[in-house]
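Notes for the structure review
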Amino acid sequence: MKRLACLKYILKSLRSSDVALFVGDYMCKEAYQYDKDGFFYLPSVSGIGPSLALGMALGTDQRVFVFVNDDEFLKNFSTAPQIAVSKCKNIFYVIFVSGFYQSHNSVVTIFNELKAPKGIMFNLGFSVFDYTHYFKNKFFVSEVPLLIEGIKGPLALFISVDLGVNKKLVDVPYSGVEMCDRIAGFIKDNKGTHSSEKTNI
Amino acid sequence: MIKAVEFLDYICNELDYRFFAGIPCGELSLLYNKMKSDFMHYVPVTSEEVALGLSSGVWLSGFKSGILLHINNIYDILKCYDLFNEVYKVPVLLIVGYGSDDDLKIMTKFKIAYKVMGDDYQKQLKVITNKLEKQHVPCAIMVKEGELK
């Protein structure tokens, strides 16, 4: 299944109060098809994405999902141990594995050469799930909302996707300031909507 | 010379900056020693870029935040500063340690607004945090080696 289709199922499974952060140009364009108030896009700033998500997760009790491609995951690898040791129960690191750079589909990443990327994440302290098989047929894909509802962080979620992105998708139209105002307002409005109002700070 | 305890107390209790992240800096070592978890939160991180991301995320979730770093490491946050904090208008307070006045020349190359900490540190901190909160850009307070006791 292509990443756009996987994103559709996952994003539709999120709670209305969940925050989702997307890293990378094509990832943002794809996610924008299902745009909601809690979505935050980083099309051109890749180095800061997962750590920004961790900061948000520390400051709120809402669930924070960060979506990256495997090339971005490798680029931001130093943030992974930081997320793992934070022990935040509300952060979820979703990694789409295509084995290729999302901006240059013909260039491979080293991800598939790694001996045990899931083992690395597990040893860092993440709970690790691989949802690839759920997206392989229509019967199992209907279970994704149930799975997403019950997860607890810090969680690394791996999903292998088919190569290729839709290049006809439109750019995210929001400016950086608009997105910040939107996400800050969203987090403020949804604070305390969960059982515990306590944040991690 | 300024007492590290009073400096932290002013930043945390008067200005309400209670979340910090950073990489250890020799010039600020007294600050680390006087930190207490009952009134502030400090996260040691793997790189300055991660510190900036973490603090920016905390700011977006509604808490004032800052990072502690050495002046030589300021180059490491410039890319994120230019591409994220300046464009998205996410401010964080930078507490930057430096050794000599020569080190301070580095700051003139960047567009980060800063104040050098002196005896009237409370006034300087207030000016810099007012600017930060009004203009929504990161600003720095420069702490010279030996300035804290």
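See the structure above.
Notes on the structure follow. Predicted model, so just to flag it, every value in this text is computed and none were measured.

Let us look at the overall build of chain A. Looking only at helices and strands, chain A has nine helices and six strands in total. Over its C-alpha trace chain A gives a radius of gyration of 16 Å, about what one expects of a compact globule, namely 17 Å for 201 residues. Summarising its shape, the C-alpha atoms of chain A cover approximately 45 × 40 × 35 Å along the three principal directions. Within chain A, the fraction of its 201 residues that count as buried is 53%. Considering only intrachain contacts with a sequence separation of at least 6, the fraction spanning at least 24 residues in chain A is 77%. Surface accessibility of chain A: about 8,800 Å² in total, with carbon and sulfur atoms responsible for 54%. Positive and negative charge centroids in chain A, built from 22 and 19 side chains respectively, lie 4 Å apart.

All names here are of chain A. The buried fraction of strand E3 (residues 64-69) amounts to six of the six residues, a majority that puts the element mostly inside the structure. On E3, burial covers both faces: Val64, Val66 and Val68 on one face and Phe65, Phe67 and Asn69 on the other are all buried. Inspection of the sheet shows strand E1 (residues 19-23) paired to E3 by four bridges, in the parallel sense. Bridge pairing in E3 places alanine 20 opposite phenylalanine 65.

Where side chains of opposite charge bring their charged atoms close, a pairing between them can arise. All names here are of chain A. This model, assessed by the stated rule, comprises 13 salt bridges over all chains. Note that arginine 15 is salt-bridged to glutamate 149, the shortest N-O span being 3.1 Å. One end of the pair, arginine 15, is in the loop between helix H1 (3-13) and E1; the other, glutamate 149, is in helix H8 (residues 144-150), and 134 residues separate them in sequence. Take arginine 15: its relative accessible area is 27%, and that puts it in the partly exposed class.

Before going further, it helps to spend a moment on the side chain of A:Ser98. Residues and elements named next belong to chain A. Note on placement: serine 98 falls in the loop between strand E4 (91-97) and helix H6 (117-124). Note on serine 98: relative accessible area 18%, which makes it buried. A polar side-chain atom of serine 98 sits 3.2 Å from the main-chain carbonyl oxygen of phenylalanine 100. Contacts of serine 98, omitting those with residues within four sequence positions, involve Asn69, Asp70, Asn112 and Val161.

On to the sheet that holds E4(A). Residue and element names in this part refer to chain A. Taken together, the six strands give an open sheet; going across it, the order is E2-E1-E3-E4-E6-E5, and neighbouring strands pair in parallel fashion. The open sheet has two edge strands with one neighbour each: strand E2 (39-42) and strand E5 (127-130). Each strand of the sheet is rotated relative to its neighbour by a mean of 20°, with strand direction disregarded. When E4 meets strand E6 (residues 155-160), the two strands line up parallel, connected through six bridges. Bridge pairing links phenylalanine 96 to isoleucine 159 in E6. On top of the sheet, helix H9 (residues 176-190) reaches E1 and E2; it is set at about 150° to E2, its chief contact.

An α-helix turns once every 3.6 residues. As a result, residues three or four positions apart point the same way. Helix length check: H9(A) (15 residues) gives 21 Å between terminal C-alpha atoms against 21 Å at 1.5 Å per residue, within 8%. For H9(A), the secondary structure elements touched by its buried residues are E1, E2 and helix H3 (49-59) of chain A together with helix H3 (48-60) and helix H4 (75-88) of chain B.

Time to look at the packing of aromatic side chains. By the definition in use, this model includes 26 aromatic pairs over all chains. Arranged with centres 6.3 Å apart and planes meeting at 80°, the rings of A:Phe73 and A:Phe158 form a pair that is edge-to-face. Of the two residues, A:Phe73 is situated in helix H4 (residues 70-75) and A:Phe158 in strand E6; the sequence distance between them amounts to 85 residues. Summarising the burial analysis for this pair, A:Phe73 and A:Phe158 share the class buried. Relative to B:Tyr42, the ring of B:Tyr32 lies with its centre 5.6 Å away and its plane at 65°, an arrangement referred to as edge-to-face. In this pair, B:Tyr32 sits in helix H2 (residues 29-34) while B:Tyr42 sits in strand E2 (residues 41-44), placing the two residues 10 residues apart along the sequence.

So, about the interface of chain B and chain A. With 27 residues of chain B in contact, the opposing surface of chain A contributes 30 residues. Looking only at chain B, the three residues that lose the most surface to chain A are B:Leu60, B:Ser61 and B:Tyr88, adding up to 31% of its buried area. Taken together, the connections running from chain B to chain A amount to zero salt bridges. Counting across the chain B and chain A interface gives four residue pairs in polar contact (both at pLDDT 80 or more). Taken together, the elements giving at least two residues each to the side of chain B that touches chain A come down to E2, H3 and H4 of chain B. In terms of residue count, the dominant contributor to the side of chain B that touches chain A is H3(B) (nine residues). A breakdown of the residues in the side of chain B that touches chain A according to their chemical character gives 16 nonpolar, nine polar and two charged.

What counts, and at which threshold
- Residues numbered from 1 in each chain as written.
- Chains lettered and ligands numbered in written order.
- Predicted model: local features only at pLDDT ≥ 70, side-chain atom pairs only at ≥ 80, totals over all residues.
- Heavy atoms only, no water.
- Helix = DSSP H or I, 4+ residues; strand = E, 2+ residues; numbered from the N terminus.
- Rg over C-alpha atoms; globule rule 2.2 N^0.38 Å.
- Buried < 20%, exposed > 50% of the residue type's maximum accessible area, 1.4 Å probe, protein only.
- Contact = heavy atoms within 4.5 Å.
- Areas by Shrake-Rupley, 256 points an atom, 1.4 Å probe, with all protein chains shown as cover.
- Lys, Arg positive; Asp, Glu negative; His and termini not counted.
- Charge placed at Lys NZ, Arg CZ, Asp CG, Glu CD.
- Pairing = 2+ DSSP bridges.
- Salt bridge = Lys/Arg side-chain N within 4 Å of Asp/Glu carboxyl O.
- Polar contact = N/O pair within 3.5 Å; in protein donor to acceptor, adjacent residues only side chain to side chain.
- Axes fitted to C-alpha atoms, helices over the stretch in contact; angles between N-to-C directions.
- Expected span 1.5 Å × (residues − 1).
- Phe/Tyr/Trp six-rings, centres within 6.5 Å; stacked < 30°, edge-to-face > 60°.
- Buried area = accessible area lost by both parts, 1.4 Å probe.
- Nonpolar A, V, L, I, M, F, W, Y, C, P; charged D, E, K, R; others polar.

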